[in-house]
Amino acid sequence: MHIYKTIKNFLLDQDYFIDLWQKNIHIYGFSKIEILQENRALFIIREFKLEILGQDFRVLKLTKNEILLQGIIKEMRFL
Amino acid sequence: MKESYEWVSVKVSNPDRFFLKCHEKNIAIYEIQRMNNEVKIKIQTKDYSKLKQIWFIKIKKIEPIGIQALKKKIQKHHIFLIAIGIGLVFLYVLSHIMLSVTVVHSNQDIRFLLMNALEEKGIKENTWRKSYQEIEKIKQEILDEYPDQLEWLEIEVNGLNYIVRVEERKLEQEDSTPEACNVVATKDGIVKEMIYMNGEALFKRNDSVKKGDILISGTIKKDEETKSTVCATGSVYAEVWYTVKASVPLSYEEYEITGKTRWNIKLKNTSYHDFLFKSRLETYDEEITPLFTLFGTEVSFVKQHETVKKVFTMEENEAADKALTLALEKISATLEEKETIIAKKVLKKEVNNSTMNIEVFVSVLEQIGERQEFTVEE
């Protein structure tokens, strides 16, 4: 999967992407984290904001423009 | 350049706030392990200084373990490790190079012969040390090569030196017995015992003889006519007399070992000898163990036993007894097997300058017969 994604990123040259699976969410290409709490997270991605609501959010990895979050995701919306 | 990472333990009450701060400061977190009030994170080493700027957390570096830790330690101390490595190699080389070969024997020809044989076999100066098996093989080969000259051979490895001990083979020479000889007296005395195989005894027990008298004659006579000549052989034991003088001081000094020991290294050259460390003992006995010879300087390990000087004084009688024992020892040292002291008498005893002087008359049973050749007139 990793190779596939790397090739895809390279070919499509995406500005951002959001992957969601089971209890994890992977966000690439955000510019700022506004809120990071156990039940709520808010990211600024280019021209919109991404709000995630849920429970027991935990950061698994964090870099400048990429984050891997774990937790029960109940709701996700663009603002 | 390859990035280096490290684990850091962070004490924080609100981890989410901490992650937000990390993002604000552009610190990438590659792995996270959460505990109660503590978060362990894997960051790039270069981000550690940024992490220290966050004021509401307490951070502590986690020392790596396993191969990574080993690699890090090796990198940190690589100069020291290289120096130790070079030192070990140097020590190994030094301790396996033999700097001298010494053949211990009084005969120069044997020494020369052996030095050449050893050199042919590869035992020479400034060469790699031979193994025990090689030395044993060389020993046997040399003994096989020179069966008439060498009886026994031992090659010792003493530090950086080969010490070769050798026993020369002495072939028994045929005993040449002269055709005609007498046994004559070498001293004045009274004959006590006579044992002879050939010849004719001219004296009996308790006969008095003078130096030069023929004791056992090689001329066999019958009715005053010489019948034949033989080489007289035998032993003649006679009582002979000596006057011996001995002196013993009434007071004397002796050094007694206290049991206190010190270790030191001795450097000895042809022109000087000195200790490597300062000796803290005033008087001592030395026990020297040679280690090796380096550039002409003999290096030895020395065990110093501390001694103290003690002065002993003797009574006159005690000194007289000691002087008598000394006088008798002087005589005994010259005696052969079967020769004994028969009687003794103190002739003179006096004290002069705190010294006991005695003169002893000693009567000794001694072999006085000596073979003397003579020519037979036709």
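Reading the values: rules and limits
- Counting from 1, residues in each chain are numbered in the order their sequence is written.
- Numbering of ligands from 1 and lettering of chains from A proceed in the order in which they are written.
- Thresholds applied to this predicted model are a pLDDT of at least 70 for local features of residues and 80 or more for the giving and counting of side-chain atom pairs; totals over whole chains, interfaces and linings are not thresholded and use all residues.
- Labels follow the DSSP assignment, with helices taken as runs of H or I lasting at least four residues and strands as runs of E lasting at least two, numbered in each case from the N terminus.
- Put plainly, a residue is buried at 20 or more neighbouring C-beta atoms within 10 Å of its own, exposed at 12 or fewer, and partly exposed in between, counting only other residues' C-beta atoms, which are placed from the backbone.
- We call two residues in contact when their backbone-placed C-beta atoms lie within 7 Å.
- Whether two strands pair depends on DSSP finding at least two bridges between them.
- Each residue receives one of three labels: charged for Asp, Glu, Lys and Arg, nonpolar for Ala, Val, Leu, Ile, Met, Phe, Trp, Tyr, Cys and Pro, and polar for the others, Gly being one of them.
- The score called pLDDT rates the predictor's confidence residue by residue, from a low of 0 to a high of 100.
- To estimate how far a helix should reach, multiply one less than its number of residues by 1.5 Å.
- What the arc covers is the set of directions going from the helix axis to the C-beta atoms.

### A closer look at the overall build of chain A
Point 1. Across its full length, chain A carries one helix and six strands.
Point 2. Across chain A, helices and strands are ordered from the amino to the carboxyl terminus as α-β-β-β-β-β-β.
Point 3. Counting only residues that meet the buried cut, chain A has 16% of its 79 residues in that class.
Point 4. Here the contacts in chain A between residues at least 6 apart in sequence split such that 33% fall between residues at least 24 apart.

### A closer look at the pairing of strand E2 (residues 24-28) of chain A
Residue and element names in this part refer to chain A.
Point 1. Side-chain alternation along E2 places Ile25 and Ile27 on a buried face and Asn24, His26 and Tyr28 on a face that remains uncovered.
Point 2. Bridge analysis of strand E1 (residues 17-21) against E2 gives five bridges, and the strand direction is antiparallel. The residue of E2 that forms the bridge with Asp19 is His26.
Point 3. Bridging between E2 and strand E6 (residues 66-78) involves five bridges; their strand directions are antiparallel. Across the sheet, Asn24 pairs through a bridge with Gln70, a residue of E6.

### Structural notes on the interface of chain A and chain B
Point 1. Between chain A and chain B, the residue contacts involve 11 residues of the former and 11 residues of the latter.
Point 2. Elements with a minimum of two residues in the side of chain A that touches chain B: strand E3 (32-36) and strand E5 (48-62) of chain A.
Point 3. Looking at which element gives the most residues to the side of chain A that touches chain B, the answer is E5(A), with five residues.
Point 4. Residues belonging to the side of chain A that touches chain B are distributed by class as follows: five nonpolar, two polar and four charged.

### Here we look at the confidence of the model for chain A
Point 1. Of all residues in chain A, 97% have pLDDT values of 70 or greater, and the mean over the chain is 88.
Point 2. Mean pLDDT per element in chain A: helix H1 (residues 2-12) of chain A is the minimum at 75, and strand E4 (residues 40-45) of chain A is the maximum at 93.

### Describing the environment of B:Trp128
Residues and elements named next belong to chain B.
Point 1. With respect to the helices, strands and loops of the structure, Trp128 is situated in strand E7 (residues 127-128).
Point 2. Owing to 10 C-beta atoms within 10 Å, Trp128 belongs among the exposed residues under this scheme.
Point 3. Sequence separation between Trp128 and His96 is 32 residues, and the spatial gap between their C-alpha atoms is 5.8 Å.
Point 4. Not counting the four nearest positions on each side in its chain, Trp128 is found in contact with His96 and Ile97.

### Concerning the environment of A:Ala41
Residue and element names in this part refer to chain A.
Point 1. Relative to the elements of secondary structure, Ala41 occurs in strand E4.
Point 2. A sequence separation of 11 residues divides Ala41 from Ile52, and the C-alpha atoms of the two residues are 5.2 Å apart.
Point 3. Ala41 has contacts with Ile35, Leu36, Ile52, Phe57 and Leu69, leaving out every residue within four places of it along the chain.

### Observations regarding the sheet that holds strand E14 (residues 214-217) of chain B
Point 1. Judged by pairing direction, the sheet is antiparallel, and its four strands sit side by side in the order E12-E14-E10-E24 (chain B) without closing on themselves. Every interior strand has two partners, whereas the edge strands, strand E12 (200-201) and strand E24 (369-373) of chain B, have only one.

### Looking at the confidence of the model for chain B
Predicted coordinates in areas of low pLDDT are best not read in detail.
All names here are of chain B.
Point 1. Of the residues in chain B, 97% have a pLDDT of 70 or more, and the chain-wide mean is 87.
Point 2. Within chain B, no element has a lower average pLDDT than strand E16 (residues 225-229), which sits at 81, and none a higher one than helix H4 (residues 78-96), at 92.
Point 3. This prediction of the complex comes with two scores: 0.38 for pTM and 0.77 for ipTM.

### Regarding helix H5 (residues 108-120) of chain B
Residue and element names in this part refer to chain B.
Point 1. Over its 13 residues, H5 runs 18 Å from end to end, which matches the ideal 18 Å to within 8%, given 1.5 Å per residue.
Point 2. The complete set of buried residues in H5 reads Leu113, Leu114, Ala117 and Leu118. Around the axis of H5, the buried residues are gathered within 130° of arc, so they sit on the same side. With respect to the buried face of H5, the exposed residues turned more than 90 degrees away are Gln108, Asp109, Phe112 and Asn116.
Point 3. In this structure, the buried side of H5 is in contact with strand E6 (100-104), helix H6 (132-145) and strand E9 (161-168).
Point 4. Among the residues trailing H5, Gly122 stands out with phi positive, at a value near 95°.

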